[in-house]
Amino acid sequence: MSLVGEAGLRQLCQSRQIFRCSHTCLKGLLGQVRSSDRHRIVTAQALQMVTAPSPEAPGQREAAAKKRVVFVVGGPGSGKGTQCDLISRDFSVPFFSAGELIRSLIASGCAEGKQLQDIILQGHIIPSEVTVGLLQKAMAETSSDTVLIDGFPRNTENRTVWQSQVGYDCEMVLLFDCPEEVMLQRLKHRRDGRADDNEDTIRKRVQNFKSQMAPVLDYYQSIGKVTTINTDRPVEDIYSELNSIWRQRFVPTSP
Ligand code: ADP
Ligand code: C5P
Ligand code: MG
């Protein structure tokens, strides 16, 4: 783990005072701190520049509050991206993949990219403030009142930070249910060139999905928000069911 480390990065992101400091404020602070602290502040500054403005910023919370959000969750390789593409194409619904947004952030060359990449390669979940910030920013840039979010939440922290930062919950959780060995086989053959699509990391991702999602799913099940879809089937069969769920729930019937 480089410089700050996963625990440090998490602590840093959770330190709202630093995370939400303005650019000018950070510049001022840089002149007064020790070099180790300076690195932390530079990292926080980079995070702030690439993620959303403070949720308290005028308009930010309101813009997010207008949307009906559908979370699509399931183990790695369960087919989330494939099915979200189809829904997005047929119903003109914007779809944001949490994993894709994180990979784009790393590819942008931000200061904390190495740390984030290390977390991903260990199959762990990155600090929720970063992911929620990326999602808020993406949502603020679309005028659609309905959005699909793929790969979020991944753990209880993701869920609670979403609640506190965005201020409202999702409309529905689509859970893609697929056996581990099927997911593993699919990912071994995926040709996206992802560094985390190696057997060792895939196994860790699957284990983390099982253990960390259990309380999240319990919570959403307890409030009746989960719809489970068996995704150990051909793409077209899954999509036929999903399309029908989507129509019933989100496409208004004509009078
Ligand atoms: P996720 O986003 O859940 O990780 P993807 O949609 O990227 O999963 O799918 C993982 C891999 O499996 C991709 O190579 C994709 O083409 C393939 N795939 C997706 N759905 C199916 C399916 N129903 N049957 C067989 N292969 C699939
Ligand atoms: O969903 P996807 O497979 O693209 O996610 C890739 C990786 O991105 C995850 O294994 C995890 O390390 C990271 N991620 C995260 N938090 C999320 C979604 C993805 O940390 N909510
Ligand atoms: Mg995906």
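Residues numbered from 1 in each chain as written. Chains lettered and ligands numbered in written order. Predicted model: local features only at pLDDT ≥ 70, side-chain atom pairs only at ≥ 80, totals over all residues. Heavy atoms only, no water.

## Points about the pairing of strand β3 (residues 146-150)
For β3, the buried fraction is high: 5 of the 5 residues fall into the buried class. Residue alternation in β3 divides its side chains into two sets, T146, L148 and D150 and V147 and I149, and both sets are buried. Sheet analysis places strand β1 (residues 68-74) next to β3, joined by 5 bridges and oriented parallel. Counted as the bridge partner of F71 is I149 from β3. Bridge count between strand β2 (residues 95-97) and β3: 3 bridges; the pairing is parallel. Within the sheet, the bridge partner assigned to S97 lies in β3 and is D150. (Buried < 20%, exposed > 50% of the residue type's maximum accessible area, 1.4 Å probe, protein only. Helix = DSSP H or I, 4+ residues; strand = E, 2+ residues; numbered from the N terminus. Pairing = 2+ DSSP bridges.)

## A word on helix α9 (residues 128-140)
Three or four residues apart is the spacing at which side chains of an α-helix point the same way, because the helix has 3.6 residues per turn. For α9, which comprises 13 residues, the first-to-last C-alpha distance of 18 Å matches the rise-based estimate of 18 Å (1.5 Å per residue) to within 8%. The buried fraction of α9 is high, at 11 of 13 residues. By the burial criterion, the buried members of α9 are S128, E129, V130, T131, V132, G133, L134, L135, Q136, A138 and M139. (Expected span 1.5 Å × (residues − 1).)

## Details of the pattern of salt bridges
Counted under the stated rule, the structure contains 14 salt bridges. Measuring nitrogen to oxygen at the nearest pair gives 2.8 Å for the salt bridge that ties D197 to R190. In this structure, the salt-bridge partner of E241 is R233, at a minimum N-O distance of 2.6 Å. Since its relative accessible area comes to 30%, E241 is described here as partly exposed. (Salt bridge = Lys/Arg side-chain N within 4 Å of Asp/Glu carboxyl O.)

## Here's the deal with the sheet that holds β1
The 5 strands lie next to each other as β2-β3-β1-β4-β5, forming an open sheet whose pairing is parallel. Here the strands that pair on one side only, and so sit at the sheet edges, are β2 and β5 (226-230). Between one strand axis and the next, the sheet turns through 20° on average, direction left out of account. Set on the sheet, helix α12 (residues 199-222) makes contact with β1, β4 (172-177) and β5; between it and β1 the angle comes to about 140°. (Axes fitted to C-alpha atoms, helices over the stretch in contact; angles between N-to-C directions. Contact = heavy atoms within 4.5 Å.)

## Observations concerning the site of ligand 1
The local shell around ligand 1 holds 15 residues, among which G77, K80, T82, R190 and R233 are the closest. Measuring from an oxygen atom of ligand 1, one finds a side-chain N or O atom of T82 at 2.6 Å. Within the side chain of R190, one N or O atom sits 2.8 Å away from an oxygen atom of ligand 1. Looking at the shell around ligand 1, the elements with two or more residues in it are α6 (80-91), α11 (180-188) and α13 (235-250). Here the residues of the shell around ligand 1 are counted per class, giving 5 nonpolar, 6 polar and 4 charged. (Near = heavy atom within 4 Å. Polar contact = N/O pair within 3.5 Å; in protein donor to acceptor, adjacent residues only side chain to side chain. Nonpolar A, V, L, I, M, F, W, Y, C, P; charged D, E, K, R; others polar.)

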